[in-house]
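Inside the fold
Below, each chain spelled out in residue letters.
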Amino acid sequence: MKTCFRPADLAAFLSALFLWAGQPVAFAAESADGRPKPFPKDSPEHQALTAASPYLGNDAFTLRNDYWTGAVTTDAGTAVRLQFFKGNVYRLFLGASPPKLPEGARLHLHIFNDQSEEVISASSPAGQPAVVLNFEKVRKTGQYLVLMRIEPRPGPAAPVAVPSVLFYGWE
């Protein structure tokens, strides 16, 4: 069974994101003394959860507790299939590790329906380690293909594998 949490559940909310000195700090695990241990600021999880932070205070928004993690290369995208339901609003948060992200690179998210038609996409500004995609027009319940890709700045460059994560939630 997949799990989710709502911001109204304070304990689960704090295990995902803690606001400290006005800066969101994502938690990776518990430390030896049982206190939450934050994700490092240069981690893709920190980037994605920071991008998600404006939505986490909304009781109507549910963020999935599990998420995709892996590497996205600059020469090929990575895809996952997700089930979306008609009538829901989905928000997807792709984060990449800033030290591994090539200078000036852009993150892209694309969603394709079961007929391989692109239904929506979003791109980050150059050099930003996270992108948010708001999928507000789910017209049909079904499986959708989510393509994550990293576009390096123009010019010659060797392919790079960038540690990345994809969180998503719905209202």
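Counting secondary structure elements, the protein chain contains 2 helices and 13 strands. Relative to its 171 residues, the protein chain shows a buried fraction of 41%. Here the analysis covers contacts within the protein chain between residues at least 6 apart in sequence; of these, 70% occur between residues at least 24 apart. Of the roughly 9,200 Å² of accessible surface on the protein chain, a fraction of 54% belongs to carbon and sulfur atoms.

Take the environment of S164 next. Its location among the elements puts S164 in strand β13 (residues 161–170). For the pair S164 and Q47, spaced 117 residues apart in the sequence, the C-alpha separation amounts to 9.3 Å. Dropping the residues within four chain positions of it, S164 is found in contact with P44, W68, T69, G70, A71, V72, L94, G95, A96 and I150. One polar contact links the side chain of S164 to the main-chain carbonyl oxygen of V162, over a distance of 2.9 Å.

This brings us to the sheet that holds strand β9 (residues 106–112). Strand order in the open sheet made by the 4 strands is β7-β12-β9-β10, with antiparallel pairing throughout. Strand pairing shows two members of the sheet lacking a second neighbour, β7 (78–84) and β10 (118–123), which therefore form its edges. Across the sheet, the axes of successive neighbouring strands diverge by a mean angle of 20 degrees, strand direction being ignored.

Thresholds, definitions, all that
Residues numbered from 1 in each chain as written. Predicted model: local features only at pLDDT ≥ 70, side-chain atom pairs only at ≥ 80, totals over all residues. Heavy atoms only, no water. Helix = DSSP H or I, 4+ residues; strand = E, 2+ residues; numbered from the N terminus. Buried < 20%, exposed > 50% of the residue type's maximum accessible area, 1.4 Å probe, protein only. Contact = heavy atoms within 4.5 Å. Areas by Shrake-Rupley, 256 points an atom, 1.4 Å probe, with all protein chains shown as cover. Polar contact = N/O pair within 3.5 Å; in protein donor to acceptor, adjacent residues only side chain to side chain. Pairing = 2+ DSSP bridges. Axes fitted to C-alpha atoms, helices over the stretch in contact; angles between N-to-C directions.

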